[in-house]
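Given next are the chains, with one letter for each unit.
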Amino acid sequence: MREIPIQYQIACVVLTALFIWSFSIAREPRGWRRLFQSMFSKSESFSVNKNKVIDEALKRYGIIIAMVILVADVSCFVMGVTYPFREKLRTLSPEQRDSMNEINKFQNSKSGISTLP
């Protein structure tokens, strides 16, 4: 089997790391909120209700962001796996494509699968 190009491998690793990080934030928002507040917030009085709202927002948006990153990661993986096949089709001449389409039509009609033009 042909190798997945390095660009797709790097993108998959980065997206997987981002997914794990965003999912861990969404799973445990209190710890991440406290870390952020200890590093960047002024020493003002903390409101319990305000902190609960922040935690709920982190959980809600964190899950959405994590799922978007996961979809992008899976898409990148599929694009990397199918890259050799797409590249092979791109290098075919028009005559070779026509003959391949005729062979596919013949095989589909022989197996009983009907295709619409």
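Higher on the page you've got the structure.
All chains use their own residue numbering, which begins from 1 and follows the written sequence. Whole-chain, interface and lining totals are the exception, using all residues; otherwise, since this is a predicted model, local features are given only for residues with pLDDT of at least 70 and side-chain atom pairs are given and counted only at 80 or more. Each side-chain value is derived from all of the structure's non-hydrogen atoms; neither hydrogens nor water enter the calculation.

A. Region of interest: the overall build of the protein. Numbered from the N terminus, helices here are DSSP runs of H or I no shorter than four residues, and strands are runs of E no shorter than two. A tally of regular secondary structure across the protein gives four helices and zero strands. Reading the secondary structure of the protein in the N-to-C direction produces α-α-α-α. With a 1.4 Å probe rolled over the protein chains alone, any residue whose accessible area is under 20% of its type maximum counts as buried; one over 50% counts as exposed, and the rest are partly exposed. Relative to its 117 residues, the protein shows a buried fraction of 17%. Summarising the internal contacts of the protein: among those between residues at least 6 apart in sequence, 72% fall at separations of at least 24. Surface accessibility in these figures is a Shrake-Rupley result with a 1.4 Å probe; residues are shielded only by whichever protein chains are displayed. If you sum the accessible surface of the protein, you get close to 9,500 Å²; carbon and sulfur atoms cover 66% of it. Residue contacts are defined here by distance: any two heavy atoms, one from each residue, within 4.5 Å place the two residues in contact.

B. Structural view of the packing of aromatic side chains. Pairing of aromatic side chains here covers Phe, Tyr and the six-membered ring of Trp, requires ring centres within 6.5 Å, and sorts the geometry by plane angle: under 30 degrees stacked, over 60 edge-to-face, intermediate tilted. For the coordinates displayed, the defined rule picks out three aromatic pairs. Here the aromatic rings of F19 and F23 are separated by 5.8 Å at their centres, their planes lie at 25°, and the arrangement is stacked. On the criterion of helical spacing, the pair formed by F19 and F23 is a turn pair, its members being four residues apart in helix 1 (residues 6–27). Take F19: its relative accessible area is 17%, and that puts it in the buried class. Residue classification places F23 among the partly exposed positions, given a relative accessible area of 32%.

C. Structural view of the environment of Q9. Tracing the chain through its elements places Q9 in helix 1. Excluding anything up to four places from it in sequence, Q9 contacts E3 and I4. Polar contacts, as counted here, are pairs of nitrogen or oxygen atoms within 3.5 Å of one another; within protein the pair requires one atom able to donate a hydrogen and one able to accept it, and residues that are adjacent in sequence qualify only if both atoms are side-chain atoms. Of note is the side chain of Q9, whose polar atom sits 2.7 Å from the backbone oxygen of I4.

D. Structural detail: the nonpolar core. Only buried Ala, Val, Leu, Ile, Met, Phe, Trp, Tyr and Cys residues count toward a nonpolar core, and they belong to the same one when joined by side-chain atoms within 4.5 Å. C12, L15, F19, A66, I69 and C76 form the largest nonpolar core, which has six residues in total. Among the elements of the structure, helix 1 and helix 3 (48–91) are those that each provide at least two residues to this core.

E. The side chain of D55, seen in detail. Its location among the elements puts D55 in helix 3. Discounting chain neighbours no more than four positions away, the residues touching D55 are P29, R30 and R33.

Scope: geometric values only; no functional claims are made or implied.
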